[in-house]
Amino acid sequence: MFKHILVPTDGSELSEQVIPKAVALAKSMSARLTGLTVSEPFHVFAANPAMVTDTEDVYRAHCEKRAAQYLDAIKKAAEALGVAFTGLHVFAAQPYMTIISTASAQGCDLIGMASHGRRGVSALVLGSETVKVLTHSKVPVLVWR
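This structure is a prediction, so every number in the text was calculated from the model and none was measured.

> Give a detailed account of the sheet that holds strand 2 (residues 32-39), specifying residues and quantitative values.
Sheets are built from strands that pair by backbone hydrogen bonding, the pairs being arranged parallel or antiparallel. Strand order in the open sheet formed by five strands is 3-2-1-4-5, with parallel pairing between adjacent strands. If you trace the sheet from one side to the other, it starts and ends with strand 3 (85-91) and strand 5 (141-144), each paired once. Shown here is a sheet whose adjacent strand axes are inclined to one another by a mean of 25 degrees, direction ignored. The sheet contact formed by strand 2 and strand 3 spans seven bridges and is parallel. The residue of strand 3 that forms the bridge with G35 is G87. Those strands touched by helix 3 (residues 56-81) are strand 1 (4-8), strand 2 and strand 3, and its axis lies near 160 degrees from that of strand 3.

> Please provide a residue-by-residue account of the environment of E129, values included.
Relative to the helices and strands, E129 resides in helix 6 (residues 129-136). For the pair E129 and M97, spaced 32 residues apart in sequence, the C-alpha separation works out to 9.0 Å. Dropping the residues within four chain positions of it, E129 is found in contact with P95, Y96 and M113.

> Which residues make up the pairing of strand 1, and what values do they have?
The buried fraction of strand 1 amounts to five of the five residues, a majority that puts the element mostly inside the structure. Bridge count for strand 1 against strand 2 is five bridges, and the pairing is parallel. Bridge pairing in strand 2 links H4 to R32. Taking the sense of rotation as the criterion, the β-α-β connection linking strand 1, helix 1 (residues 13-28) and strand 2 turns out right-handed. Two strands pair when backbone bridges link them, and strand 1 and strand 4 (residues 110-114) are joined in this way by two bridges, in the parallel orientation. Counterpart to I5 in the pairing with strand 4 is L110.

> Help me get a handle on the pattern of salt bridges, residues and values and all.
Within the structure shown, the criterion is met by two salt bridges. In this structure, D72 engages K76 in a salt bridge whose closest nitrogen and oxygen atoms are separated by 3.3 Å. Here D72 and its partner K76 are both found in helix 3, four residues apart, which amounts to about one turn of the helix.

> Break down the side chain of S115 for me, citing the residues and quoting the values.
With respect to the helices and strands, S115 occurs in the loop between strand 4 and helix 5 (120-126). Overall, the relative accessible area of 15% leaves S115 in the buried class. Not counting chain neighbours up to four residues away, the residues in contact with S115 comprise L14, T130, V143, W144 and R145.

> Describe the nonpolar core, listing the residues and the values that go with them.
I5, V7, V18, L25, A26, L33 and V83 are the most contacted members of the largest nonpolar core, which has 18 residues in total. Sorting the residues of this core by element identifies strand 1, helix 1, helix 3 and strand 4 as the ones contributing at least two each.

What counts as what
- Residues numbered from 1 in each chain as written.
- Predicted model: local features only at pLDDT ≥ 70, side-chain atom pairs only at ≥ 80, totals over all residues.
- Heavy atoms only, no water.
- Pairing = 2+ DSSP bridges.
- Helix = DSSP H or I, 4+ residues; strand = E, 2+ residues; numbered from the N terminus.
- Axes fitted to C-alpha atoms, helices over the stretch in contact; angles between N-to-C directions.
- Contact = heavy atoms within 4.5 Å.
- Buried < 20%, exposed > 50% of the residue type's maximum accessible area, 1.4 Å probe, protein only.
- Right-handed = clockwise from strand over helix to strand, strands pointing away.
- Salt bridge = Lys/Arg side-chain N within 4 Å of Asp/Glu carboxyl O.
- Core = buried A, V, L, I, M, F, W, Y, C linked by side-chain atoms within 4.5 Å.

Rendered as structure tokens:
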């Protein structure tokens, strides 16, 4: 049914829990996986303490290292089951838009991601990249909680 699954990750425990599920799903459908992690671009004025104390080059290097770790977790799981895998790291201000545009650009026919499961006011106030992807994506989205 699905041939190319995009798996966004932010390195959180919830994202990590999705990995074996996404890999098993891809294996069962003979699909390939693309892992994606999105880092916020460097800003001179920022709330993130790392941006205030680092130079742009140091910040970018730190993001690249962290992204490689996140994507390596998916790569290892995919290799263990013989699933084709590609990893992508992108700097972008709005992760949900990057997830959607990457799915389209890469020809993905499914986006598989985690959700914190927030409801009501906390979901509205805190926001959710998953909810934004669900709201705006034309590609089907499978959400694991």
